[in-house]
Amino acid sequence: KPSAYFAMRIGEASSPKAIVRTSFTLVAADAQAGQLVRLVATVGAISLLATLAVIYVVSRQLSATISTMAQSAGRFAAGDLTHRIDRPASRELAALSDVLNHMARRLSEQIDLLRAQRNEQHAIYQSMSNGMIALDMDQRVLSMNRAAEQMLGVEEKKARGRLLQEIVREPALNRFVAAAIAGDDGVATEMQLVRGTAAGGPGRTVQMASESLRNVRDEPVGLLVLINDVTHLRRLESIRSDFAANVSHELRTPITNIRGYVETLQEVGFDNQQQSAKFLDIIRRNTDRLASIVEDLLALARLEAPDTKTTLEKIATPIHRITEAVISQFEPAAREKHIEMASDVPHELGAEVNAHLLEQAVGNLLS
């Protein structure tokens, strides 16, 4: 049988007293070693299984926590910035969740601030009395405010993304936009829009101005068109021009009459008292007419003054006096053209009127 031997000397090497020798068979040692190996293997297997179980449980917990945080991050990305991640037990993941929650809070505050600024700018943009259109380089509508919608007769939601030529049938406007996009500098002009303010009415008179629309890198990306409706202003200018012409005409008539009768009196003298008195009466009436016109001009000036309220004075007046006064004003001019004028108004006919204004109106018709 395989055995193991061991010997040991007792005493000095030169004079040993004895030698102790022992031996044992290796069968028992092998059995003990096998037992030890089996014990170590069993303990190792149990340790490995326990370690794997712990790793599995921890990994499952970490995976669930990371999956929850990933879902929360997905909600942040989708715009749900009011959501908050529950703080996990892991210190590292807890720090990460705190950072993500802080990021979501800051983003929410920034988005609320940007939304408030956008709403404020949109309110200002829509409240402008001037029309404004934003176009890209292909002349597609990016946006337009309410004033532009009313001037051009289009709706922004239907016009957005479409070519300006498709939605607005205004050749002058389209030519202006094409020239502005082709050029580098802003241009301005005044034009007449085809679309009228009413069915069959005259078109709007507008002033057009344009500026290049640029991005954050100062690169041209489109065109901003500003439309200012000056129809009312031009109408007022026309009214003022007509008014000046009418006033000149109204002043010319009594001045001509006064000059004519004065020259007549100078030529014929004052021998005929009745005719002279008639001529002087006509001159007086025309003088009163001039004074009335001046008063009317002063009244108009007062009416145009801010916070001014004026009430026309009306008194009971026989109408025949009005017509006779008007006839006397135009009698010299009618005589030169061989026109006869006659008043057929009953003397009892009267009305509550402003005599000067009514006389002016009748005079305009007769003239």
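Above this note sits the structure.
1. Observations regarding the overall build of the chain
Piece 1. Counting its secondary structure elements, the chain contains 10 helices and nine strands.
Piece 2. Computed over its C-alpha atoms, the radius of gyration of the chain comes to 54 Å, more than 25% above the 21 Å expected for a compact globule of 367 residues.
Piece 3. Along the three orthogonal principal directions, the C-alpha set of the chain runs to about 200 × 45 × 45 Å.
Piece 4. Sequence separation of 24 or more characterises 47% of the internal contacts of the chain that already satisfy a separation of 6 or more.
Piece 5. For the chain, the accessible area works out to roughly 25400 Å², and carbon and sulfur atoms hold 57% of it.
Piece 6. If you average the places of the 41 positive and of the 44 negative side-chain charges in the chain, the two averages end up 19 Å apart.

2. Notes on the environment of His102
Piece 1. Here His102 is to be found in helix H2 (residues 91-127).
Piece 2. Among the residues examined, His102 registers a relative accessible area of 42% and is labelled partly exposed.
Piece 3. When the C-alpha positions of His102 and Arg289 are compared, they lie 85 Å apart, and in sequence the two are 187 residues distant.

3. What to know about the packing of helix H1 (residues 26-77) against H2
Piece 1. Axis separation between H1 and H2 bottoms out at 11 Å; the angle between their running directions is 10 degrees. Compared by their axis directions, H1 and H2 come out roughly parallel. On H2, the residues that touch Leu62, Thr65, Ile66, Met69 and Phe76 of H1 are Leu93, Leu96, Ser97, Leu100, Asn101, Met103 and Ala104.
Piece 2. The residue inventory of the contact of H1 with H2, partitioned by class, reads nine nonpolar, three polar and no charged.

4. Describing the packing of helix H7 (residues 231-268) against helix H9 (residues 319-336)
Piece 1. The contact between H7 and H9 brings their axes to 9 Å, and the two run at 70 degrees. The orientation of H7 with respect to H9, classified from their angle, is roughly perpendicular. Side by side, H7 and H9 meet where Thr253, Asn257 and Tyr261 of the first sit next to Ser328, Gln329, Phe330, Glu331, Pro332 and Arg335 of the second.
Piece 2. The residue makeup of the contact of H7 with H9, split by class, is three nonpolar, four polar and two charged.

5. Digging into the pattern of salt bridges
Between side chains of opposite charge, pairing is possible as soon as their charged atoms come close.
Piece 1. On inspection of all chains with the given rule, the structure shows 12 salt bridges.
Piece 2. In this structure, the salt-bridge partner of Arg160 is Glu156, at a minimum N-O distance of 2.7 Å.
Piece 3. Assessed through its relative accessible area of 49%, Arg160 is described here as partly exposed.
Piece 4. What makes Glu156 buried here is its relative accessible area of 12%.

6. Remarks on the nonpolar core
Piece 1. Core analysis: the largest hydrophobic core is formed by 24 residues, its most contacted members being Val177, Met208 and Val225.
Piece 2. Ranked by residues supplied to this core, first place goes to helix H6 (residues 171-182) with five residues.
Piece 3. With seven residues, the next largest nonpolar core counts Phe76, Leu81, Leu100 and Ala104 among its residues.

7. A few points about the packing of aromatic side chains
Piece 1. Enumeration according to the criterion identifies one aromatic pair in this entry.
Piece 2. Here the aromatic rings of Tyr261 and Phe279 are separated by 5.1 Å at their centres, their planes lie at 50 degrees, and the arrangement is tilted. One end of the pair, Tyr261, is in helix H7; the other, Phe279, is in helix H8 (residues 273-304), and 18 residues separate them in sequence. The exposure classification of Tyr261 matches that of Phe279, with both residues buried.

Basis of the calculations
Residues numbered from 1 in each chain as written. Predicted model: local features only at pLDDT ≥ 70, side-chain atom pairs only at ≥ 80, totals over all residues. Heavy atoms only, no water. Helix = DSSP H or I, 4+ residues; strand = E, 2+ residues; numbered from the N terminus. Rg over C-alpha atoms; globule rule 2.2 N^0.38 Å. Contact = heavy atoms within 4.5 Å. Areas by Shrake-Rupley, 256 points an atom, 1.4 Å probe, with all protein chains shown as cover. Lys, Arg positive; Asp, Glu negative; His and termini not counted. Charge placed at Lys NZ, Arg CZ, Asp CG, Glu CD. Buried < 20%, exposed > 50% of the residue type's maximum accessible area, 1.4 Å probe, protein only. Axes fitted to C-alpha atoms, helices over the stretch in contact; angles between N-to-C directions. Parallel < 35°, antiparallel > 145°, perpendicular 65-115°, else oblique. Nonpolar A, V, L, I, M, F, W, Y, C, P; charged D, E, K, R; others polar. Salt bridge = Lys/Arg side-chain N within 4 Å of Asp/Glu carboxyl O. Core = buried A, V, L, I, M, F, W, Y, C linked by side-chain atoms within 4.5 Å. Phe/Tyr/Trp six-rings, centres within 6.5 Å; stacked < 30°, edge-to-face > 60°.

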